[in-house]
Amino acid sequence: MTAQLIDGNALSKQLRTEVATRAQALKAKGVTPGLAVLLVGDNPASQVYVRNKVKACEDSGLHSVLERYEATMTEAELLARVQALNNDPSIHGILVQLPLPEHIDAQKVIEAISPAKDVDGFHIASAGALMTGMPGFWPCTPYGCMKMLESIGYDLKGKYAVVIGRSNIVGKPMALMLLQKDATVTVCHSRTQDLKALTLQADVIVAAVGKRNVLTADMVKPGVVVLDVGMNRNDEGKLCGDVDFDSVKEVAGYITPVPGGVGPMTITMLLVNTLEAAERASK
Ligand code: NAP
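Attention here is on the structure that accompanies the text. (Residues numbered from 1 in each chain as written. Predicted model: local features only at pLDDT ≥ 70, side-chain atom pairs only at ≥ 80, totals over all residues. Heavy atoms only, no water.)

With that out of the way, let us pick up the overall build of the protein chain. The helix and strand tally for the protein chain stands at 10 helices and 11 strands. Scaling as 2.2 N^0.38, a compact globule of 283 residues should have a C-alpha radius of gyration of about 19 Å, and the protein chain matches this with 19 Å. Put simply, of all contacts in the protein chain between residues at least 6 apart along the chain, 69% involve residues at least 24 apart. Element-wise, carbon and sulfur atoms account for 54% of the exposed surface of the protein chain, whose accessible area totals about 13,300 Å². Here the protein chain holds 28 positive side-chain charges and 30 negative ones, and the gap between their average locations is 4 Å. (Helix = DSSP H or I, 4+ residues; strand = E, 2+ residues; numbered from the N terminus. Rg over C-alpha atoms; globule rule 2.2 N^0.38 Å. Contact = heavy atoms within 4.5 Å. Areas by Shrake-Rupley, 256 points an atom, 1.4 Å probe, with all protein chains shown as cover. Lys, Arg positive; Asp, Glu negative; His and termini not counted. Charge placed at Lys NZ, Arg CZ, Asp CG, Glu CD.)

The alternating pattern of strand β8 (residues 225-228) places Val 225 and Leu 227 and Val 226 and Asp 228 on opposite faces, both of which are buried. With 4 bridges joining them, strand β7 (residues 204-207) and β8 adopt parallel strand pairing. Considered in β8, the bridge of Val 206 is made with Leu 227. Judged from the 2 bridges that link them, β8 and strand β11 (residues 254-255) form a sheet pairing that is parallel. Counterpart to Val 226 in the pairing with β11 is Ile 255. (Buried < 20%, exposed > 50% of the residue type's maximum accessible area, 1.4 Å probe, protein only. Pairing = 2+ DSSP bridges.)

Ranked by size, the top nonpolar core spans 51 residues in total, and within it Met 146 and Leu 178 carry the most contacts. A total of 10 residues in this core trace back to one element, the largest contributor, which is helix α10 (residues 262-281). Cys 188, Val 248, Ala 252 and Ile 255 belong to the second largest nonpolar core, which has 20 residues in total. (Core = buried A, V, L, I, M, F, W, Y, C linked by side-chain atoms within 4.5 Å.)

Turning to the site of the ligand, a few remarks are in order. The environment of the ligand is formed by 18 residues, the closest being Arg 166, Ser 167, Ser 190, Lys 211 and Thr 266. Take Arg 166: an N or O atom from its side chain is 2.7 Å from an oxygen atom of the ligand. The protein chains hide 70% of the 930 Å² of surface that the ligand would expose on its own. Partitioned by chemical class, the residues of the shell around the ligand number 7 nonpolar, 9 polar and 2 charged. (Near = heavy atom within 4 Å. Polar contact = N/O pair within 3.5 Å; in protein donor to acceptor, adjacent residues only side chain to side chain. Nonpolar A, V, L, I, M, F, W, Y, C, P; charged D, E, K, R; others polar.)

Time to look at the packing of aromatic side chains. Inspection of every chain in the model, using the stated rule, returns 1 aromatic pair. Seen from their ring centres, Trp 138 and Tyr 143 are 5.4 Å apart, and the 70° between their planes marks the pair as edge-to-face. Neither residue differs from the other here; Trp 138 and Tyr 143 are each classed as buried. Its end group placed over the ring of Tyr 154, Lys 159 keeps NZ or CZ at 5.4 Å from the ring centre. (Phe/Tyr/Trp six-rings, centres within 6.5 Å; stacked < 30°, edge-to-face > 60°. Lys NZ or Arg CZ within 6 Å of the ring centre and 35° of its normal.)

Strand order in this open sheet of 6 strands is β1-β11-β8-β7-β5-β6, and the pairing throughout is parallel. With one partner strand each, in any of the chains shown, β1 (4-5) and β6 (184-188) form the two edges of the open sheet. Alignment of strand β5 (residues 160-164) against β6, held across 5 bridges, turns out to be parallel. Among the inter-strand pairings, Val 162 is bridged to a residue of β6, identified as Thr 186. Contacts from helix α7 (residues 171-180) reach β5, β6 and β7, with the element oriented near 170° to β5. (Axes fitted to C-alpha atoms, helices over the stretch in contact; angles between N-to-C directions.)

What follows is about α7. Of the positions making up α7, those classed as buried are Gly 171, Pro 173, Met 174, Ala 175, Met 177 and Leu 178. Turning to α7, the residues buried within the fold contact α5 (124-132), α6 (140-151), β5, β6 and β7. One or two residues past the end of α7 sits Asp 182, with phi positive at roughly 70°.

Attention now moves to the packing of helix α2 (residues 44-59) against α10. At a minimum axis distance of 10 Å, the contact between α2 and α10 shows a crossing angle of 55°. Regarding the angle of α2 to α10, the classification is oblique. Both α2 and α10 take part in a crossing whose hand is right-handed. Contacts between α2 and α10 involve Asn 52, Lys 53, Ala 56 and Cys 57 from the first element and Ile 267, Leu 270 and Leu 271 from the second. Across the contact of α2 with α10, the residue classes tally to 5 nonpolar, 1 polar and 1 charged. (Parallel < 35°, antiparallel > 145°, perpendicular 65-115°, else oblique. Left-handed = near helix turned anticlockwise from the far one by under 90°.)

Turning next to the sheet that holds strand β3 (residues 63-69). The strand order across the open sheet formed by 3 strands is β3-β2-β4, and the pairing between neighbours is parallel. What marks the edges here is a single partner per strand, and that holds for β3 and β4 (93-96). The average angle at which neighbouring strand axes cross in this sheet is 15°, direction not considered. Bridge analysis of strand β2 (residues 34-40) against β3 gives 7 bridges, and the strand direction is parallel. When the sheet's bridge partners are listed, Val 40 is paired in β3 with Tyr 69. The strands touched by α2 within the sheet are β2, β3 and β4, with β3 carrying the most contacts at an inclination of about 160°.

In structure tokens, the structure reads:
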């Protein structure tokens, strides 16, 4: 069996077209959805991420502001900037690029963002909303995974899902989203004993670890849906996921590639959240 690919680039393109259309409709009412991206320091990976986010906004007709600050910026200065953006009606989404320099308490900064503008979905109010099934912003990466499952018409009701990884930004929210769609969910982590015994039973597996070959063909049952969130480098320095793609694709029913899978969906869902924030603010 060779799995069908879930193409994150193609799905992103479709969703970004929808974002552009909705942004156009808002503009006609005099509102341009706006995202502010704050970058502190000169982490090279962060610089690439923020550039991609700003470009994606521009391509979809969203207004974006990139604010770059020296690594010496104080926590108080950053908190003051966040506060000013909370009060800026032209900005509907605020994203503080992580990681922040060590002298700044990242959680404190995230909590300073107004939950109405928390388009990354990292605020404790957003996490609480997801946990209780209330409206709020969902973290972009697991939200993108849910869209991928939706795109193949996958009904999660009664299915067994295994999430590998329990971070606050991917694993835990992913598990809650799957649970909300009536899947039975197991969350695995570095202390899980006999991961294979669990993944072998799974109908859906989400790998969000950050280590190559965490999931191999002998660990999955035929027809399983595999979403690979991981971003690693192989021996040749090429981008690869957590899943042994070449072997697992021979057993799975659906699989996401890396690159071109979950990665593009993350930025797409940031655009969706920003648009949503602008729509809510303009009601
Ligand atoms: P993280 O905070 O480092 O969490 C990794 C999780 O994996 C932890 O819960 C850890 O368990 C668990 N883990 C480590 N080794 C394991 C093992 N051998 N078996 C089972 N679980 C194990 O990472 P993250 O932020 O969630 O990101 C995970 C991966 O996704 C990274 O590669 C990251 O680059 C990628 N990512 C991609 C996107 C995207 O847009 N595609 C977005 C975000 C993240 P413990 O909790 O016990 O330590």
